[in-house]
Amino acid sequence: MNSEFITSVPYLHTERLMLREYRREDFDLFAAHVADPVSAAHLVPADRHAAWRIFCSQAGLWLIHGAGWWAVEEKKTGQLVGTVGAFFREESTVMELGWNTYRAFWGRGFANEAATAALNHALEIRREPKVRALIASANESSLRVAKRLGMTYEAETEVYGKAVGIYTRAREGSVI
């Protein structure tokens, strides 16, 4: 009996990056990122056990919604530099964007480049009418990325007990 189930995660390419599916060998860097109190300051910090659940659930979103998280790999070196997502939360009908650059790669523009590719995929390929990002007011680097993406502040909400701003962008020509 063949129990292998395969789903397709689209590869996205930018000038410097390839966005691809999560792989088992990506986990150590992912776990280190979410366990690092500096890197995870605006995330839910997680030990290795919790990181595995998060990693697998992010990968599994592709099965549930046909949307999810990508590993972000630098083309030139093959080095994993972070993650980016275009996904749905359980009770949301609006696609959400998320981005994380691993600390060793901060300040190189990778988050902006990867998030731009994810935004384009959401609005132009999937034809989502609107996307959002949930960003803590203290997360200045993510606020800069959201601004570069043309996202604007819409309202405040709470995620995991933390206040966050909802930043949105509508697809041109869509009626929301």
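Just so it is clear, the structure is predicted and the values come from calculations on it, not from any experiment.

Trainee: Would you take a moment to explain the side chain of Gln-58 for this structure?
Mentor: Along the polypeptide, Gln-58 turns up in helix α2 (residues 48–65). You can call Gln-58 buried: its relative accessible area is 13%. Of the polar contacts made by the side chain of Gln-58, one reaches the side chain of Tyr-22; its length is 2.5 Å. Setting aside its immediate chain neighbours within four residues, Gln-58 contacts Tyr-22, Phe-30, Gly-68 and Trp-69.

Trainee: When you look at the pairing of strand β5 (residues 95–101) in this model, what are you seeing that I'm missing?
Mentor: Moving residue by residue along a regular strand, the side chains alternate between the two faces of the sheet. Burial runs high along β5: 7 of the 7 residues are buried. Of the two faces of β5, the one carrying Met-95, Leu-97, Trp-99 and Thr-101 and the one carrying Glu-96, Gly-98 and Asn-100 are both buried. Alignment of β5 against strand β6 (residues 130–135), held across 2 bridges, turns out to be parallel. Along β6, the bridge assignment pairs Met-95 with Val-131.

Trainee: I keep staring at the nonpolar core and nothing clicks. Help me out?
Mentor: Taken as a class, soluble globular proteins show a tendency for nonpolar side chains to be buried jointly. Core analysis: the largest hydrophobic core is formed by 48 residues, its most contacted members being Leu-19, Trp-70, Leu-97, Trp-99 and Met-151. Ranked by residues supplied to this core, first place goes to helix α3 (residues 110–125) with 9 residues. Not counting chain neighbours up to four residues away, the residues in contact with Trp-99 comprise Trp-69, Thr-83, Val-84, Ala-111, Ala-115, Ala-133, Ile-135, Ser-142, Val-145, Ala-146, Leu-149 and Met-151.

Trainee: I tried to follow unusual backbone geometry on my own but got confused; where do I start?
Mentor: Most of the time, phi is negative for any residue but glycine, and the peptide bond is trans. Of note in the backbone geometry, Arg-127 takes a positive phi value of approximately 65° without being a glycine. Its location among the elements puts Arg-127 in the loop between α3 and β6. Here Tyr-160, not a glycine, exhibits a phi torsion of approximately 50°, which is positive. Mapping Tyr-160 onto the fold places it in the loop between β7 (152–159) and β8 (162–170). Residue classification places Tyr-160 among the exposed positions, given a relative accessible area of 65%.

Trainee: Looking at this structure, how should I read the UniProt feature "domain: N-acetyltransferase" (unreviewed entry) in the protein?
Mentor: The UniProt record marks residues 17–171 with the feature "domain: N-acetyltransferase" (unreviewed entry), using the residue numbering of this structure. The annotated region residues 17–171 carries 34% helix and 32% strand content, and the separation between its end C-alpha atoms amounts to 24 Å.

Trainee: Looking at this structure, I do not really get the pattern of salt bridges. What am I missing?
Mentor: If charged atoms from side chains of opposite charge come close, those side chains can pair. Using the criterion set out here, one finds 11 salt bridges in the structure. For Arg-20, the salt bridge goes to Asp-26, with nearest N and O atoms at 2.9 Å. An identical accessibility class is assigned to Arg-20 and Asp-26; each is buried. A salt bridge links Arg-127 to Glu-124; the nearest nitrogen and oxygen atoms lie 3.5 Å apart.

Trainee: Could you clarify how one ought to interpret the pairing of strand β4 (residues 80–87) in this entry?
Mentor: Burial of β4 is extensive: 8 of the 8 residues sit out of reach of the surface. Here strand β3 (residues 68–74) folds back onto β4, and the loop between the two strands holds 5 residues, one of which, Gly-78, carries a positive phi near 75°. The pairing of β4 with β5 spans 6 bridges and is classified as antiparallel. When the sheet's bridge partners are listed, Phe-87 is paired in β5 with Glu-96.

Conventions and cut-offs
Residues numbered from 1 in each chain as written. Predicted model: local features only at pLDDT ≥ 70, side-chain atom pairs only at ≥ 80, totals over all residues. Heavy atoms only, no water. Helix = DSSP H or I, 4+ residues; strand = E, 2+ residues; numbered from the N terminus. Buried < 20%, exposed > 50% of the residue type's maximum accessible area, 1.4 Å probe, protein only. Polar contact = N/O pair within 3.5 Å; in protein donor to acceptor, adjacent residues only side chain to side chain. Contact = heavy atoms within 4.5 Å. Pairing = 2+ DSSP bridges. Core = buried A, V, L, I, M, F, W, Y, C linked by side-chain atoms within 4.5 Å. UniProt positions renumbered as here; feature names shortened; annotations may be inferred. Salt bridge = Lys/Arg side-chain N within 4 Å of Asp/Glu carboxyl O.

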